[in-house]
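Below are the chains, spelled out letter by letter.
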Amino acid sequence: MKIVIIEDEHLASSYLKSILEGQSIIAISTITVLKSVKDSVAFFASHTVDLAFMDIHLGDGKSLDIFEQTSISCPVIFITAYDSYAVKVFRHFTIDYLLKPYEEEELLDALMKYKNIKATFNTNQIVESLVEIENQSSIQHHFLVSHRDKLISVNDTSITYFFATGKHLFIYTHSGSSYLYNSNLKDLINKLSPVLFFKINRKYIINRHHIQQIIKHSSQKIEILLDVSIPDTEPIILSKKEINNFKAWLDS
């Protein structure tokens, strides 16, 4: 079988390669060592392998960037020096990982696990989940607003939608309260949970849990009904350019 190691630290890749060459769990024909996202994208454009070892953090980006630029169908064992990655991946997904610094026995255990689960290994699901984990650190879950003479922290799970009108942006909650918030939809959407919120058009970002009904007037006109009242007299119409993304979001 063919193996690729994607690791930008020479000592780390040499250590991994030497163990792989000396083990007897799986028969290896070739081992290719790559050091960057750029080299990896070029390699996978014309090569296939049976198993890949990938350090999550590389010198020119993250190994997850490779999946966005090329197709990889082989199982992957991720390598990381960050325990937060490893614990989350291990707890939630059928994948093994190597947490630096690792011992030879840990690598051999990972190979044995690969041998046992390779037939049902879902690389796409793993990568999508890792991307979500990667994004968690930048997601904003609390929003500080002024209300009369108080400051209130609004949790994202209590927000039904964000509404923009003119130069102002308002937060609406399921309790019926509304608050002026100092931001705009364009900047805000990049800070919100992509699982929970979607930017419908230039006026609304909605919470998926408050969609009551979706009305298809035509292939290019879709109306969203929420289970709460809205301040605008006009219906919420999905932006045409977001129709496919919206369907994919609902299906995720």
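Residues numbered from 1 in each chain as written. Predicted model: local features only at pLDDT ≥ 70, side-chain atom pairs only at ≥ 80, totals over all residues. Heavy atoms only, no water.

1. Overview of the side chain of H210
Right, on to step 1. Looking at the element boundaries, H210 is found in the loop between strand 14 (204-207) and strand 15 (211-218).
Right, on to step 2. If near-sequence neighbours (up to four positions away) are discounted, H210 is found in contact with I159, T160, H174, L225, L226, D227 and V228. (Helix = DSSP H or I, 4+ residues; strand = E, 2+ residues; numbered from the N terminus. Contact = heavy atoms within 4.5 Å.)

2. Considerations on the pairing of strand 12 (residues 178-181)
It is a general feature of regular strands that their side chains alternate between the two faces of the sheet.
Right, on to step 1. Side chains of strand 12 alternate between two faces, with Y179 and Y181 buried and S178 and L180 left unburied.
Right, on to step 2. In the sheet, strand 11 (residues 168-173) pairs with strand 12 via four bridges, with the strands oriented antiparallel. What sits directly across from Y172, in strand 12, is S178.
Right, on to step 3. Two successive antiparallel strands, strand 11 and strand 12, enclose a turn made up of four residues, where G176 displays a positive phi of approximately 95°. (Buried < 20%, exposed > 50% of the residue type's maximum accessible area, 1.4 Å probe, protein only. Pairing = 2+ DSSP bridges.)

3. Focus on the environment of D65
Right, on to step 1. By the secondary structure assignment, D65 is in helix 3 (residues 64-69).
Right, on to step 2. Accessibility expressed as a relative area gives 27% for D65, which makes it partly exposed.
Right, on to step 3. Spatially, the C-alpha atoms of D65 and K38 are 9.5 Å apart, while their sequence positions differ by 27 residues.

4. Regarding the confidence of the model for the protein chain
Right, on to step 1. Looking at the protein chain, pLDDT values average 85 and 85% of them are 70 or higher.
Right, on to step 2. This model gives residues 90-94 a pLDDT under 50, and the stretch forms ten contacts once residues within four places in sequence are excluded. (pLDDT = per-residue confidence, 0-100.)

5. Description of the packing of aromatic side chains
Right, on to step 1. Counted by the stated rule, this structure contains eleven aromatic pairs.
Right, on to step 2. A centroid spacing of 5.1 Å and a plane angle of 50° characterise the contact between F163 and Y204, whose relative ring orientation is tilted. Of this pair, F163 sits in strand 10 (residues 159-165) while Y204 sits in strand 14, and the two are 41 residues apart along the sequence.
Right, on to step 3. Every member of this aromatic cluster is reached through a ring pair, and the members are F143, F162, Y181 and F197.
Right, on to step 4. Between R208 and the ring centre of W249, over which it is positioned, the NZ or CZ distance is 4.5 Å. (Phe/Tyr/Trp six-rings, centres within 6.5 Å; stacked < 30°, edge-to-face > 60°. Lys NZ or Arg CZ within 6 Å of the ring centre and 35° of its normal.)

6. Some details on the sheet that holds strand 14
Right, on to step 1. Taken in spatial order, the five strands make up an open sheet running 12-11-10-14-13, and their pairing is antiparallel. Two strands in the sheet have a free side with no partner beyond their single neighbour: strand 12 and strand 13 (197-199). Between one strand and the next, the sheet's axes are offset by a mean angle of 20°, whatever the strand orientation. (Axes fitted to C-alpha atoms, helices over the stretch in contact; angles between N-to-C directions.)

7. So, the side chain of E7
Right, on to step 1. Considering the arrangement of structural elements, one finds E7 in the loop between strand 1 (2-6) and helix 1 (10-22).
Right, on to step 2. On the accessibility criterion, E7 (2% relative accessible area) is buried.
Right, on to step 3. Within the local environment of E7, its side chain forms a polar contact with the side chain of K100, the two groups lying 3.0 Å apart.
Right, on to step 4. Contact partners of E7, with chain neighbours within four places excluded, come to A12, S13, L34, K35, D55, L58, I79 and K100. (Polar contact = N/O pair within 3.5 Å; in protein donor to acceptor, adjacent residues only side chain to side chain.)

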